[in-house]
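What the coordinates show
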Amino acid sequence: MTDLLSNLGLGFAVALSLQNVALCFLGCLVGTLIGVLPGVGPIATIAMLLPITFGLDPVGALIMLAGIYYGAQYGGSTTAILVNIPGEATSVVTTLDGHQMARQGRAGIALGTAAIASFFAGTVATLLIAALGAPLTKLALIFGPAEYFALMVMGLAFAVVLAHGSVLKAVAMILVGVLFAAVGTDLETGQERMTFGFSFLTDGVDFSVLAMGLFGIAEILRNLDQTEARDVVRERIGRLLPGLAELKQAAPATLRGTAIGATLGILPGNGAVLGPFAAYTIEKKLAKDPSRFGRGAIEGVAGPESANNAGAQTAFIPLLTLGIPPNAVMALMVGAMTIHGIIPGPGVMTKSPDLFWGMIASMWIGNLMLLIINLPLVGLWVRLLKVPYRLMFPAILMFCSVGIYSINSLPTDVMLIGFFGLMGYLLIKFGFEPAPLLLGFVLGKLMEEYLRRSLTLSRGDPMVFLERPVSAVLFIIAFAILAAALLPSLRKSRDEVFTEA
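- You'll find the protein chain entered in an unreviewed UniProt entry as Putative tricarboxylic transport membrane protein, with Methylorubrum rhodinum given as the organism.

**Quick word on the overall build of the protein chain**
- Scanning the protein chain for helices and strands turns up 23 helices and 2 strands.
- Residues counted as buried form 57% of the 501 residues belonging to the protein chain.
- Pairs at least 24 residues apart make up 79% of the contacts formed inside the protein chain by residues separated by at least 6 positions.
- Carbon and sulfur atoms provide 69% of the accessible area of the protein chain, an area that totals close to 20600 Å².

**Observations concerning the packing of helix 14 (residues 328-339) against helix 20 (residues 434-457)**
- Contact geometry of helix 14 with helix 20 gives a least axis separation of 9 Å together with a crossing angle of 35 degrees. When you trace helix 14 past helix 20, the crossing you get is left-handed. Along the contact surface, helix 14 presents Ala328, Ala331, Leu332 and Val334, while helix 20 presents Ala435, Leu438, Leu439 and Val442.

**Examining the packing of aromatic side chains**
- Summed over all chains, the structure comprises 12 aromatic pairs.
- Consider the rings of tyrosine 148 and tyrosine 450, whose centres lie 5.1 Å apart with planes at 15 degrees: the pair is stacked. In this pair, tyrosine 148 is assigned in helix 7 (residues 145-162) and tyrosine 450 in helix 20, connecting sequence segments 302 residues apart. Summarising the burial analysis for this pair, tyrosine 148 and tyrosine 450 share the class buried.
- Among the aromatic residues, those joined into a cluster by ring pairs are Phe149, Phe465, Phe475 and Phe479.
- Here the guanidinium or amino end of lysine 169 rests over the ring plane of phenylalanine 432, the centre of that ring lying 5.1 Å away.

**Some remarks on unusual backbone geometry**
- Even without being glycine, methionine 194 reaches a positive phi, approximately 55 degrees.
- As for its placement among the helices and strands, methionine 194 is situated in the loop between strand 2 (192-193) and helix 9 (207-225).
- Assessed through its relative accessible area of 36%, methionine 194 is described here as partly exposed.
- Here the phi dihedral of arginine 459 falls at roughly 60 degrees; this positive angle occurs in a residue that is not glycine.
- When you line up the elements, arginine 459 lands in the loop between helix 20 and helix 21 (464-467).

**Notes on helix 5 (residues 94-103)**
- Counting buried positions over the 10 residues of helix 5 gives 7, a clear majority of the element.
- Of the positions making up helix 5, those classed as buried are Thr94, Thr95, Asp97, Gly98, His99, Met101 and Ala102.
- Positive phi appears at glycine 105, one or two residues downstream of helix 5, with a value of about 85 degrees.

**Description of the side chain of threonine 32**
- Within the secondary structure, threonine 32 is located in helix 2 (residues 18-36).
- Note on threonine 32: relative accessible area 0%, which makes it buried.
- Here cysteine 28 takes part through its backbone oxygen, which lies 2.8 Å from a polar atom of the side chain of threonine 32.

**Re the nonpolar core**
- Of all hydrophobic cores here, the largest spans 118 residues; its most connected members are Phe316, Leu332, Met333, Met359 and Leu438.
- Element by element, the count of residues in this core is highest for helix 7, at 14 residues.
- Apart from the residues lying within four places of it in its own chain, the contact partners of methionine 359 are Leu62, Ile63, Ala66, Phe316, Leu320, Met333 and Asp354.
- One finds Ala107, Leu111, Ala250 and Val301 within the second-largest nonpolar core, a separate group that totals 17 residues.

**Points about the pattern of salt bridges**
- Applying the stated rule across the entire model yields 8 salt bridges.
- The shortest N-O distance in the salt bridge between glutamate 147 and arginine 468 comes to 2.8 Å. With a gap of 321 residues between them, glutamate 147 in helix 7 and arginine 468 in the loop between helix 21 and helix 22 (469-486) connect regions that are remote in the sequence.
- What makes arginine 468 partly exposed here is its relative accessible area of 36%.
- Linking arginine 193 and aspartate 186 is a salt bridge whose minimum nitrogen-to-oxygen distance equals 3.9 Å.
- Among the residues examined, arginine 193 registers a relative accessible area of 23% and is labelled partly exposed.
- Note on aspartate 186: relative accessible area 7%, which makes it buried.

**Observations concerning helix 14**
- For helix 14, with 12 residues, the first-to-last C-alpha span of 17 Å sits near the 16 Å given by 1.5 Å per residue.
- Most of helix 14 is tucked away, with 10 of its 12 residues classed as buried.
- Residues of helix 14 that are buried include every one of Ala328, Val329, Met330, Ala331, Leu332, Met333, Val334, Gly335, Ala336 and Met337, and no others.
- Phi for glycine 341, located one or two positions after helix 14, is positive at around 80 degrees.

**Some words on the environment of aspartate 225**
- Note on placement: aspartate 225 falls in helix 9.
- In the structure, aspartate 225 is positioned 200 residues away from tyrosine 425 in sequence and 9.8 Å away in space, judged by C-alpha atoms.
- Excluding anything up to four places from it in sequence, aspartate 225 contacts Tyr425 and Lys429.

**Points about the environment of leucine 136**
- Tracing the backbone shows leucine 136 in helix 6 (residues 107-141).
- C-alpha of leucine 136 to C-alpha of isoleucine 317: the two residues are 181 residues apart in sequence and 8.6 Å apart in space.
- Once you skip the residues sitting within four places of it in the chain, leucine 136 turns out to touch Ile317, Thr321 and Leu322.

**Thoughts on the confidence of the model for the protein chain**
- Summarising the model, the protein chain shows a mean pLDDT of 79, and 88% of its residues fall at 70 or more.
- Ranking the helices and strands of the protein chain by mean pLDDT puts helix 10 (residues 244-266) first, with 88, and helix 23 (residues 488-500) last, with 52.

What counts, and where the lines are drawn
- Residues numbered from 1 in each chain as written.
- Predicted model: local features only at pLDDT ≥ 70, side-chain atom pairs only at ≥ 80, totals over all residues.
- Heavy atoms only, no water.
- Helix = DSSP H or I, 4+ residues; strand = E, 2+ residues; numbered from the N terminus.
- Buried < 20%, exposed > 50% of the residue type's maximum accessible area, 1.4 Å probe, protein only.
- Contact = heavy atoms within 4.5 Å.
- Areas by Shrake-Rupley, 256 points an atom, 1.4 Å probe, with all protein chains shown as cover.
- Axes fitted to C-alpha atoms, helices over the stretch in contact; angles between N-to-C directions.
- Left-handed = near helix turned anticlockwise from the far one by under 90°.
- Phe/Tyr/Trp six-rings, centres within 6.5 Å; stacked < 30°, edge-to-face > 60°.
- Lys NZ or Arg CZ within 6 Å of the ring centre and 35° of its normal.
- Polar contact = N/O pair within 3.5 Å; in protein donor to acceptor, adjacent residues only side chain to side chain.
- Core = buried A, V, L, I, M, F, W, Y, C linked by side-chain atoms within 4.5 Å.
- Salt bridge = Lys/Arg side-chain N within 4 Å of Asp/Glu carboxyl O.
- Expected span 1.5 Å × (residues − 1).
- pLDDT = per-residue confidence, 0-100.

Shown next, in the form of C-alpha cells:
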C-alpha cells in the first residue's frame, strides 16, 4: 500500500506539471470534440495526430493521446443523447434510452447522468490500473519468448471472437495485417520480402501511413458516401444535475456497469466495445419492468456509459504491463510509444516509472476535466453538431496529407495513405472490419520476433510452445475460444449480444 501511494505521488507530480496538464486538457477537449462530431472517431483522430507528437516528450505525447481516447467516450454520449447518432461505437447503446429521455424534455438529466457515471467509472478504473500494474508487470517479467508468442496468439483469438460480423472475415483481416507486417527487409537475412521491386517498401509499411489511410481517409470516404440526417433535439436541455431520486435509481446500474466494463476492458481483442452492450442487457434482465427500457429508462444510460468509460481505461492495463494492445486504439498507442523509442511491456514500469505512473495519474485528472468540460459546454456542442460535413472533410484531408508528408518527407507516403484509404473504404463496404487488420499488423512484427527467439533457444524444436506450461495453457485457451466462436449456437449468441440491446 505504501509503495502504491508513493508511486501515485510520483505520477501526480509528473501529471501536474504545467505542460502535461495543458496536454491532458487539449487531449480531453479534442477527444470530446471528435466524440461529439459523428463520423471521425478516436482511431482516425489519433492516427492523424501521430505526426504532431514527434515534437513532444514521450510522457506528454501519450497523456494527450490517452485523453483523446477516453475523451471521445464522453463526447460520444452527447451526440447519442441529443441527436440519436452514436458519436463513438461504444455509444450505440446510449441512443436507446438517452435520446428518448431527451425527447421527453430530460436531455439535461440524461447528459448529467452519463457524465457522473462516466466520472465514477473512470475513477474506479484508474485505481484498478494502479493496483494491478505492479503485480502484472512482475508476472510479465518471468515470461519468456514462447509465453509472449502464445499470449499474442491468444490476443488475436480474442480479437476474432469480439469483432463484429463474420468470424472468417475477422480471421482474414488479422492474416492480412500480419502479411503487411512482413513487408520489407528481413533483419535476419537481409532479404527483401513482398516489396514487388518498389524501393519505398524496403523499410516496410510505415505504421502511421497504414493507420491514417485505413482509418482517417477511409472514414472521410465512408461519411461522404453516407450522409446522415441529424435530428438535433429541439426541446430545452433543462437541468443538468439529476435529483436524489434519479441518482438513487442510477447508482446500482453505474456500479454494475463499472464492474462489467472494467473486467471486459482488460480482455485482449476489444472487450471494451462489448462492455456497454453487456451492461445494457444485464440491466434489462434485472429490471422489475423491462418494458421501460427503450422508453427513457435512466439505468439504460448509467449502466452502458459507466461500462464504456471503465472499459476504455482498463484497456491500458495489458498495454502498459504486457505490451499487448487489446484494441485498435491501443495498437496506435503502441505505434506512438515505438516512435518515441519506448518498448511497450513490463520494462515501461521499471525503466520509465515517470511515464507509467504519470499516465495513470493523468487519467484521473482527465476524468475530472471531462466532467467540467462536458456539462457547462453542452450549448457549444449542440451548435457544433450543426456544422455540415462538407466543410469539415477537406480540412481533415489536407491535415492528413501535410501530417504524413512531414514525417519522412516522402511523396509516396501521401500516395500510400490514399491507397490504404480506398482499401479501408472497400473493406467497410464489403463487411470487413479494419480494426483487426491493424492489430494483426502491430502484433505481427512482435510475433515474428518472439517466434524466432523461441525457435533459436529451442534449436528449432516447435514443441517448446507445448513443453512450457504457461505457453501451452495460453495456446489451449486461444484454440478453445476460436473453436467456440465457430460453433453455430455460440456464434448466434455472440451476434445477439450486439443486436439484443
